[in-house]
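This is what each chain is made of:
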Amino acid sequence: MDDPTDSNILYFPHIEIADANLLKGALCVWDVVYRIVPAGYQPKDSDEVREAVESGRLRDIQLTSADLMDARKDYVEFLKSLPFLPDALDQTSVGEVSYIHREKLDQVMIQELSDILGVITRNGDWLGLPRGVADGYLLFLSNSVSKRRGIAKFTDSDSIFVAMQYFAVDGNIGSYIYPTSEDDDVAASLILKAFVPDGIEEVDMRRVLKFCEANRDGREAFRGTMTELAERMTKIDDPEYLRDLVEQVKDRMEESGKINLARIREHFTKFQPLLIYLGLPLASKVLELISGKQDPIGQIASFGVAGIAALADIAKSGRSEWVARDATYYCKLRQQFDSSNPIPREMRSLDRMMEEFIND
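Here's what I pulled together on the structure shown here. (Residues numbered from 1 in each chain as written. Predicted model: local features only at pLDDT ≥ 70, side-chain atom pairs only at ≥ 80, totals over all residues. Heavy atoms only, no water.)

## Looking at the packing of helix 1 (residues 20–27) against helix 2 (residues 47–55)
Remark: helix 1 packs on helix 2, axes separated minimally by 9 Å, with the N-to-C direction vectors making an angle of 30°. Considering the angle they form, helix 1 stands roughly parallel to helix 2. The chirality of how helix 1 crosses helix 2 is left-handed. Touching A20, L23, K24 and L27 of helix 1 are E48, V49 and A52, all from helix 2. Of the residues in the contact of helix 1 with helix 2, the class split is five nonpolar, no polar and two charged. (Axes fitted to C-alpha atoms, helices over the stretch in contact; angles between N-to-C directions. Helix = DSSP H or I, 4+ residues; strand = E, 2+ residues; numbered from the N terminus. Parallel < 35°, antiparallel > 145°, perpendicular 65-115°, else oblique. Left-handed = near helix turned anticlockwise from the far one by under 90°. Contact = heavy atoms within 4.5 Å. Nonpolar A, V, L, I, M, F, W, Y, C, P; charged D, E, K, R; others polar.)

So this is what it looks like as structure tokens:
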């Protein structure tokens, strides 16, 4: 396939998808959801999640030695390159322990972590690591799996989404994260909506899968508009041109919404929006125009933009090379918004969360 990110998405960091409603919503946007499952491990899925597995819409990715080697090398090199270690990843912060299945680390990685941390707690097939170290490694593992297969990734965790942006720019965010100049680049989240069946938690998976099968055209139109807009936005420095681009995209996004709504009405009586946060780098002056300094969420047509943090060095941001398959997504259902407003009226401050990630 020329661009496999059009139809598939990788869920992480967990093996099990605890929220079946999140899975239902994701399947209303993407054709297939993948997850990382260690060899020999049988996921403890709910009945609804198992239905998605049996339909082929939720699939497992088995890790390869190349996945593990790339994750290890990239993680170790990344840690060595940092001028300082973010508080969230500090291996001395051992108050919380996370357990990682042993099949998610190769023997070299286990040995290197043992040299750094001392004795690693073991519980059967699970290895106990300080939470910061574990979370950092899992981010790199998902990145290795994502890049080697040309597939975007998503999470349902706001803190993980912020961490994804940190790693997406190779930690190129200083301890003082706010923009000081309009020439700075900014890590941002592009907020879009897609329509899903209303009361999705009350609709069984079989009915949602039937709806998704009949809704392929709407999903394809929405994904195409979403990824094209995001990629073009990263390459624009002129705010006024971006405003014109937004107006051009508005009609296309509304048209894709009509297609979705027409299909939904064939199967359901009501609908609600699924919010999708797409991480991308933007010019600071562009972000300021479309969001405003006083408004954490800029509303433009069917989407908004929220800033996360200033990048310390524009030359390293890689904004001009950003492509859709580098995308990271954060999906949430029915949180802090109502049917008349697809953009949340309130949300946790992403830039504040980044500051906490770096400085605690």
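## Some remarks on the nonpolar core
L23, W30, V33, F154, L190, I276 and Y329 are the most contacted members of the largest nonpolar core, which totals 59 residues. Formed by 53 residues, the second largest nonpolar core is a distinct cluster that contains L68, L127, L138 and Y277. (Core = buried A, V, L, I, M, F, W, Y, C linked by side-chain atoms within 4.5 Å. Buried < 20%, exposed > 50% of the residue type's maximum accessible area, 1.4 Å probe, protein only.)

## Examining the pattern of salt bridges
Tallying each qualifying case throughout the model produces 19 salt bridges. A salt bridge links D45 to R35, with the nearest nitrogen and oxygen atoms 2.7 Å apart. Taken together, the residues span a long stretch of sequence, with D45 in the loop between strand 2 (32–36) and helix 2 and R35 in strand 2 at a distance of 10 residues. Residue classification places R35 among the buried positions, given a relative accessible area of 1%. Across the pair E228 and R232 runs a salt bridge whose closest N-O atoms are separated by 3.8 Å. One end of the pair, E228, and the other, R232, are both in helix 8 (residues 216–233), four residues apart, so they sit about a helical turn from each other. The class of E228 is partly exposed, set by a relative accessible area of 32%. The class of R232 is partly exposed, set by a relative accessible area of 32%. Here the salt bridges do not stand alone but share partners, grouping D31, E213, R216, R219 and R223 into one network. (Salt bridge = Lys/Arg side-chain N within 4 Å of Asp/Glu carboxyl O.)

## Focus on the packing of helix 6 (residues 158–168) against helix 11 (residues 350–359)
Helix 11 packs onto helix 6 with a crossing angle of 75° between their chain directions and a minimal axis gap of 10 Å. One finds that helix 6 runs roughly perpendicular with respect to helix 11. On helix 11, the residues that touch D158, S159, V162, A163, Q165 and Y166 of helix 6 are L350, M353, M354, F357 and I358. When the residues that make up the contact of helix 6 with helix 11 are grouped by side-chain class, the tally is eight nonpolar, two polar and one charged.

## Quick notes on the packing of aromatic side chains
Under the defined criterion, the tally for this structure stands at 10 aromatic pairs. Ring plane angle 55° and centroid distance 5.4 Å describe the contact between Y11 and F154, whose orientation is recorded as tilted. Here the residue Y11 occupies a position in strand 1 (residues 8–11), and F154 occupies one in strand 7 (residues 152–155), the gap between them amounting to 143 residues. Its relative accessible area of 2% is what places Y11 among the buried residues. The exposure class of F154 is buried, given its relative accessible area of 2%. For the ring pair W30 and F154, a centre distance of 6.0 Å and an interplane angle of 15° mean the geometry is stacked. With W30 in the loop between helix 1 and strand 2 and F154 in strand 7, this pair connects stretches of sequence that are 124 residues apart. Neither residue differs from the other here; W30 and F154 are each classed as buried. (Phe/Tyr/Trp six-rings, centres within 6.5 Å; stacked < 30°, edge-to-face > 60°.)

## Digging into the side chain of K104
Following the sequence through the fold, K104 ends up in the loop between strand 4 (97–101) and helix 4 (107–117). Leaving out residues up to four positions away in the same chain, K104 has contacts with P13, I15, I36, P38, L63, L68, Y137, L138 and L141.

## Some points on unusual backbone geometry
At the junction of F12 and P13, the peptide bond is cis and its omega measures out at 10° in the coordinates. Inspection of the secondary structure assignment puts P13 in the loop between strand 1 and helix 1.

## Structural notes on the environment of F78
One can find F78 in helix 3 (residues 65–81). Through-space distance from the C-alpha of F78 to that of D170 is 7.2 Å; in sequence the pair is 92 residues apart. With sequence-adjacent residues up to four places away left out, F78 is seen in contact with F140, Y166, F167, D170 and G171.

## Points about the pairing of strand 2
By the criterion of burial, strand 2 is predominantly enclosed, with five of the five residues buried. Along strand 2, one buried face is formed by V32, Y34 and I36 and the opposite face, lined by V33 and R35, is buried too. By the bridge criterion, four bridges tie strand 1 to strand 2 in an arrangement that is parallel. In the strand pairing of strand 2, N8 is matched with V32. In this sheet, strand 3 (residues 58–61) lies alongside strand 2 in parallel orientation, the contact comprising four bridges. For R35, the partnering residue across the bridge sits in strand 3 and is D60. Each parallel crossover has a hand, and for strand 2 linked through helix 2 to strand 3 it is right-handed. (Pairing = 2+ DSSP bridges. Right-handed = clockwise from strand over helix to strand, strands pointing away.)

## Quick notes on the environment of V203
Here V203 lies in the loop between strand 8 (185–197) and helix 7 (205–214). Separated by 65 residues in the primary sequence, V203 and F268 have C-alpha atoms spaced 9.7 Å apart. In this structure V203 touches K24, E48, D198, V208 and F268, once residues within four positions along its chain are discounted.

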